[in-house]
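As a plain string of letters, each chain reads:
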Amino acid sequence: MAQTAVAGETEAATQVALAVNNIEVVYDEVILVLRGVSLEVGKGALVTLLGANGAGKSTALKAISGLLKTEDGEVTRGTIALNGERIDHLAPETIVRRGLFQVMEGRRIVEDMTPIENLRLGAYTRRDSEIGADIEMVFSYFPRLKERTGLAGYLSGGEQQMLAIGRALMARPQLMLLDEPSMGLSPLLVNEVFAIIRQLNRDLGITMLLVEQNARMALRCADYGYIMESGKIVLDGSAAELSNNEDVKEFYLGGGEQRKSFKNLKSYKRRKRWL
Amino acid sequence: MNVELLLQLVVNGLILGTLYGVVAMCFTLIYKASQVVNFAQGEFLLIGAWVCWWLLTEFQLPFYAGFLLTLVFMMVFGIVLQVLVLRPMIGEPVISVIMVTIGLSIFFQAIMKWLFGVFTQPFPPIFPIRSVDIFGLNVQPAYLMSMVISLLIMAGFAWFFKYSRLGLAMRATAFNQQVAQSLGISVKQMFAVSWAISAMVSALAGVVFGIVNGVSPALSFFGIKVFPAVILGGLDSIVGAVVGGLIIGVLENLAEYVDGQWLNLGNLYAIAPFYALVLILMIKPYGLFGTEKIERL
């Protein structure tokens, strides 16, 4: 990890949108959640961060967006840089103004507002006159939101997810962090949401860091992937490499070529954990 | 039955009720935005009214100048109060915060008594005539002004929360502070803004009431009267605060009528809102418009 980061720096320092370097996160001053996580997201890339429940994926995202500070968490070691400038000690609202926007897990739209009010809220950090045009732009990606004039709390799960992504677009971010956009959605909607994420990445050039449980879908649309276990990155590679990796197939995609013996499985886990 | 008196009292009740509604809105604003139950709300009226009175009598300022200066002062006052006193209390238990606001209430009452005395002081006359006749009812122009101003404030609040960028941000903060922060809203800034607005609008209500009845320490009684209104409407509903204020205002005056005509207890009007408060808490503790979480269909 460390070597690749250094090598990357020399050849294309300006191409890195987000660089997380060896961060350690502690909750409530005692619980160590992340133990030296490093990752890099190139400009315009769609990078996914995979892992099981409790691996620390959401914590990593919150550390990057600064929202960790609102839940008694703290980055105790390491650095986080956005476009080469350190952001690890900034307040979350300042980080949003720098162009990094997190779509939190579970949508978190404002339920007692209409979809349009939610979208206008997304543009809170802006003061230009193009907000109305951007609302229309969001509606062009999510036409079904336009028909919904009631409170956002009454939208279906999929519509809420679309609204959450639309709200993020309103801030015109350079880098969007998406925390489990597929959570609680039907397979059909998951396909739709992922297709839109990929489209936004290509059309608008928004760099994306996507945290997912649904490894298959995530690897299908991402360029690069990191795999996390127990607060550490254990594997990284291009999406194609990861999809073809036997271990990834076994543990994250389900149904590898043939079942490994129980003995091998244990040693694999031990090796990975105490690496 | 004295119909004319009854009608007069109902009109008085509506006029006073809109003023209660305005103060209740200010109270709800602070509660919604920063989860602080502000027992010093009545003192905002008191301070505002005294400051305005002082500017008008001491410096002989024209009313509008003195009034605007008062609003500016109250804005600064609200922000300073929030930043110096309430901000360090963020994250402390609710009861501690309540104690702080009760302390503030006593503190400001004492200071105002020390600075301006305990006697009622009339405002310099602002309207040339003492009363106007509307459909045979006797209405003071100051009362009319009070009603018009109150309604304007309510319309202003409605516009602010529906259409302004800051109003939306405050609603988001009330909904969930973490969500607000993830959208780039500074929650601390929103707290300060809510206190500033609340202090300014309360002071406005204080001045209006002072013009009608003179300024005296009794003005802080508004802060207590607001509780039945707010509880009736639902603690976290701005609309509820207005409706609650109107109902309590009318109820008070009806109690006066019943008392004056039949019971002759002499002070039922002062007590009636609190009987109502107890009743509401027993029957409908979340009030008429209190939060019922939206279930997703």
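See the structure shown above.
Everything quoted here is computed from the prediction, not taken from an experiment.

**Considerations on the overall build of chain A**
Of the regular secondary structure elements, chain A holds 12 helices and 10 strands. Relative to its 275 residues, chain A shows a buried fraction of 53%. Of all intrachain contacts in chain A linking residues separated by at least 6 positions in sequence, the fraction that spans at least 24 positions is 67%. As displayed, chain A offers around 12,600 Å² of accessible surface, 50% of which is attributable to carbon and sulfur atoms.

**Focus on the overall build of chain B**
Scanning chain B for helices and strands turns up 11 helices and two strands. Across chain B, helices and strands are ordered from the amino to the carboxyl terminus as α-α-α-α-β-β-α-α-α-α-α-α-α. For 297 residues, the compact-globule estimate of 2.2 N^0.38 gives 19 Å, and the C-alpha radius of gyration of chain B, at 19 Å, lies within 12% of that figure. The dimensions of chain B, computed from C-alpha atoms along their principal axes, are 60 × 50 × 35 Å.

**Let's talk about the nonpolar core**
By size, the foremost hydrophobic cluster in this structure holds 142 residues, and its most contacted members are A:Phe142 and B:Ile185. Sort the elements by how many residues they give to this core and helix α8 (residues 187–213) of chain B lands first, with 15 residues. In contact with A:Phe142, not counting residues within four places along its chain, are A:Met162, A:Ile165, A:Gly166, A:Leu169 and A:Ile196.

**Points about the side chain of A:Thr59**
Residue and element names in this part refer to chain A. For Thr59, the location among the structural elements is in helix α2 (residues 57–65). Residue Thr59 is classed as buried on the basis of its relative accessible area of 10%. Among residues more than four places away in sequence, those in contact with Thr59 are Val25, Tyr27, Val33, Leu34 and Leu68.

**Thoughts on the sheet that holds strand β6 (residues 100–103) of chain A**
All names here are of chain A. Overall, mixed pairing links the six strands, which are arranged β6-β7-β8-β3-β9-β10 in an open sheet. With one partner strand each, in any of the chains shown, β6 and β10 (232–238) form the two edges of the open sheet. On average, each strand axis in the sheet is inclined to that of its neighbour by 15 degrees, with strand direction left out of account. The pairing of strand β3 (residues 46–51) with strand β8 (residues 207–212) spans five bridges and is parallel.

**Notes on the environment of A:Asn201**
Residues and elements named next belong to chain A. Secondary-structure assignment places Asn201 in helix α8 (residues 187–203). Of the residues examined, Asn201 reaches a relative accessible area of 4% and is grouped as buried. Distance from Asn201 to Leu46, taken between C-alpha atoms, is 6.9 Å for residues 155 residues apart in sequence. With near-sequence residues (within four places) excluded, Asn201 lies in contact with Gly44, Ala45, Leu46, Ile206, Thr207 and Met208. Within the structure, Asn201 has its side chain in polar contact with the backbone oxygen of Gly44 (distance 3.2 Å).

**What to know about helix α11 (residues 268–283) of chain B**
Since the α-helix packs 3.6 residues into each turn, any two residues three or four apart lie on the same face. Residues and elements named next belong to chain B. Over its 16 residues, α11 runs 22 Å from end to end, which matches the ideal 22 Å to within 8%, given 1.5 Å per residue. Taken together, the buried positions of α11 are Leu268, Ala272, Pro273, Ala276, Leu277 and Ile280. Looking at the buried side of α11, the elements it contacts are α9 (221–233) and α10 (238–263).

Rules used in this analysis
Per chain, residues are indexed from 1 in the order of the written sequence. Lettering for chains starts from A, numbering for ligands starts from 1, and both go in the order in which the items are written. Local features in this predicted model are restricted to residues whose pLDDT is 70 or higher, and side-chain atom pairs enter the listing and the counts only when it is 80 or higher, whereas totals over whole chains, interfaces and linings include all residues. Based on all heavy atoms of the structure, the side-chain values leave hydrogens and waters out of the count. Counting from the N terminus, the helices are DSSP H or I runs at least four residues long and the strands are E runs at least two residues long. Exposed residues in this analysis have more than 50% of their type's maximum accessible area, buried residues have under 20%, and partly exposed residues fall in between, with area computed by a 1.4 Å probe over protein chains only. Residue contacts are counted whenever heavy atoms from the two residues lie within 4.5 Å of one another. Only the protein chains shown count as cover for residues, and all accessible areas are computed by the Shrake-Rupley method using a 1.4 Å probe. Computation of the radius of gyration draws on C-alpha atoms alone. For the globule rule, the value is 2.2 Å times the number of residues to the power 0.38. To qualify as a nonpolar core, a set must consist of buried Ala, Val, Leu, Ile, Met, Phe, Trp, Tyr and Cys residues joined through side-chain atoms within 4.5 Å. Two strands are said to pair when DSSP picks up at least two bridges between them. Lines fitted to C-alpha atoms define the axes, with helix axes restricted to the stretch in contact, and inter-axis angles between N-to-C directions lie between 0 and 180 degrees. The definition of a polar contact used here is a pair of N or O atoms within 3.5 Å, where within protein one atom must be able to donate a hydrogen and the other to accept one, and adjacent residues in sequence count solely through side-chain atom pairs. Residue count minus one, scaled by 1.5 Å, sets the expected span of a helix.

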